[in-house]
Amino acid sequence: MISINEIDFKHTILLLSTPALALYGFLNVPLIPQTALWSVLYYFWSGLGITAGYHRYWSHRSYDATRLWQFVMMLAGSSAVEGSIKWWSRGHRVHHRFTDTDKDPYNAKKGFFWSHIGWMLKKQGRLATVDVSDLSKDWIVRFQHKYYPLVALIMAFVVPTTVAGFGWGDWKGGFFFAGVARLVFVHHATFCVNSLAHYIGDYTYDDKHTPKDHFLTALITCGEGYHNFHHEFPGDYRNAIKFYQYDPTKWLIWTASLVGLTYNLKVFPSNEIQKGRIYMQEKEIEQVKRTLDYGVPVEDLDCLSMDEVKAEIARTGKQLLIISGVVYDVTTFMEDHPGGKGFLKASVGRDVTASFNGEVYDHANAARNLMSSMRYARLKKEE
Ligand code: HEM
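In this text, all values refer to a predicted model and were calculated from it rather than measured experimentally.

The rules behind each value
- Residues numbered from 1 in each chain as written.
- Predicted model: local features only at pLDDT ≥ 70, side-chain atom pairs only at ≥ 80, totals over all residues.
- Helix = DSSP H or I, 4+ residues; strand = E, 2+ residues; numbered from the N terminus.
- Rg over C-alpha atoms; globule rule 2.2 N^0.38 Å.
- Contact = placed C-beta atoms within 7 Å.
- UniProt positions renumbered as here; feature names shortened; annotations may be inferred.
- pLDDT = per-residue confidence, 0-100.
- Axes fitted to C-alpha atoms, helices over the stretch in contact; angles between N-to-C directions.
- Parallel < 35°, antiparallel > 145°, perpendicular 65-115°, else oblique.
- Left-handed = near helix turned anticlockwise from the far one by under 90°.
- Nonpolar A, V, L, I, M, F, W, Y, C, P; charged D, E, K, R; others polar.
- Pairing = 2+ DSSP bridges.
- Near = placed C-beta within 6 Å.
- Domains from an automatic or database assignment.
- Buried ≥ 20, exposed ≤ 12 C-beta atoms within 10 Å, placed from the backbone.
- Expected span 1.5 Å × (residues − 1).

So, the overall build of the protein chain
Thought 1: Broken down by element type, the protein chain carries 17 helices and six strands.
Thought 2: Taking 21 Å as the expected radius of gyration for a compact globule of 383 residues, we find that the protein chain reaches 32 Å, considerably beyond that expectation.
Thought 3: When its C-alpha atoms are laid out on the principal axes, the protein chain stretches across 100 × 45 × 45 Å.
Thought 4: Considering only contacts in the protein chain between residues 6 or more positions apart, those separated by 24 or more positions represent 66%.

Quick look at the UniProt feature "transmembrane region" (unreviewed entry) in the protein chain
Thought 1: UniProt annotation of "transmembrane region" (unreviewed entry) refers to residues 12-29, 35-54 and 147-168 when read in the numbering used here.
Thought 2: End C-alpha to end C-alpha, residues 147-168 measures 30 Å, and it is 95% helix and 0% strand.

Looking at the confidence of the model for the protein chain
Thought 1: Across the protein chain, the average pLDDT comes to 96, with 99% of residues at 70 or higher.
Thought 2: We note a pTM of 0.84 for the whole complex and an ipTM of 0.94 for its interfaces.

Observations regarding the packing of helix α2 (residues 33-59) against helix α4 (residues 85-97)
Thought 1: Following both chains from N to C, one finds α2 and α4 inclined at 60°, their axes separated by 10 Å at the closest point. As judged from the angle between their axes, α2 and α4 are oblique. When the axes of α2 and α4 are compared, the crossing they make is right-handed. In this structure, α2 contributes Y54, H55, W58 and S59 to the contact, and α4 contributes I85, W88, S89, H92 and R93.
Thought 2: Its residues placed into classes, the contact of α2 with α4 shows four nonpolar, four polar and one charged.

Here we look at the sheet that holds strand β5 (residues 326-329)
Thought 1: Taken in spatial order, the four strands of this open sheet run β3-β6-β5-β4, and their pairing is mixed. At either margin of the open sheet sits one strand with a lone partner, and together these are β3 (303-304) and β4 (320-323).
Thought 2: Pairing geometry for β5 and strand β6 (residues 375-379), over three bridges, is antiparallel. Residue pairing in the sheet places V327 in a bridge with A377 of β6.
Thought 3: Across the sheet, helix α14 (residues 306-316) is in contact with β3, β4, β5 and β6; its angle to β4 comes to roughly 150°.

Regarding the site of the ligand
Thought 1: For the ligand, the set of nearby residues contains 20 residues, the closest of which are G339, S355, Y361, A364 and A367.
Thought 2: Of all elements in the fold, only α15 (341-347), α16 (353-356) and α17 (365-371) reach the threshold of two or more residues within the shell around the ligand.
Thought 3: Take the shell around the ligand: its biggest share by element is four residues, from α17.
Thought 4: In the shell around the ligand, the residues fall into 15 nonpolar, five polar and no charged.

As for the domain arrangement of the protein chain
Thought 1: Taken domain by domain, the protein chain consists of domain 1 (4-281) and domain 2 (299-379).
Thought 2: Each of domain 1 and domain 2 was reduced to a C-alpha centroid, and the two centroids are 64 Å apart.

Things to note about the environment of F157
Thought 1: Position of F157 among the secondary structure elements: in helix α8 (residues 148-168).
Thought 2: By the C-beta count within 10 Å, which is 18 here, F157 ends up partly exposed.
Thought 3: Spatially, the C-alpha atom of F157 lies 32 Å from that of I2, the residues being 155 residues apart in sequence.
Thought 4: Not counting residues up to four positions away in its chain, the partners in contact with F157 are F175 and G179.

Some remarks on α2
An α-helical turn contains 3.6 residues, so a residue and the one three or four places further along point in the same direction.
Thought 1: With 27 residues, α2 extends 36 Å from end C-alpha to end C-alpha; this agrees with the ideal 39 Å at 1.5 Å per step.
Thought 2: A large share of α2 lies buried, amounting to 20 of its 27 residues.
Thought 3: R61 sits one or two positions beyond α2 and adopts a positive phi of about 50°.

Below, the structure is given as structure tokens:
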């Protein structure tokens, strides 16, 4: 439980009042098609302002952009009312540097609710230090930070309302749907990057921290859901690297590069990306292997000479044969041998390496795997 003194009222009021206002709008204001379409378009405008602007440009500098692009992204991002670029990017850089630790502002280890929204409802202590000198020097960032409440108010509510009002006379719908309801959806879509993207999906490149890759999160977050990739390669302007994966933010940045608005799009060497993928695939294979029976390791077997093998057969009645220096017990396999009982019977007490490897029949992998569970002893090397 948190005490009243610990509540961040500014965030709490914004995050609780907007859903209530949106609900009021849904219950009382008719939603006409033009406004519905405008709200969806404005949703993407805000969402992409956060993902392509706040996140991939200012927080990670994963590409360069003209001043025009930066200005447009600043306006678009402001319409999401998620704080100034400076505040947002600083927090985000701290999150990357201290992922899943107490210094991570949206530490996913503290639970889904905390990483989704809880961290904003409670007053934050001083954030850990990260380098934000580039942001402090940037006049667009400084301008937006200085006039943030006004810029956010205009972009979040005034613009969507007046466009719908002057455009097709739907002032109320513009405010409630393109303004408020759109804002609520953008908020929770962005928050899903901190929460959902740390809960569902695959550890494609590394499992040291919680970020995961999932199509569903990507769908909700304009492509930010390939979050495992992003935390491994944060300087890459892409989050999804396969052409069929959903990453509209990447598509936007790339398309803008065709007309020179963005340039120097950074990508991590694919050789290194592949290494990450293989590292995880090997880990997965090792995990599966641990669940399978590979028999007693050869080096752990007792050593028997040829005479001792023969004596063992006579004493115990076991059907032992030798292949490549290992003694196998085929007693229970006799009846099931696909090559017939006869071949095995005739092999008992003998070294049948050559027959097994091609002289009679060159056995497939299946036989070689199967025989590992029949290991009985190692053959002592002749002096
Ligand atoms: C531990 C010893 C052995 C095991 C576990 C084993 C297992 C198998 C298995 C699973 C097959 C099916 C095909 C394949 O996987 O390649 C097979 C086929 C066969 N095995 Fe063996 N085998 C053993 C020893 C031998 C020996 C010593 C001989 C001959 C002296 C032999 C002769 C054959 C032949 C001729 C076939 C072919 C059957 C056909 O497809 O017509 N096997 N064996």
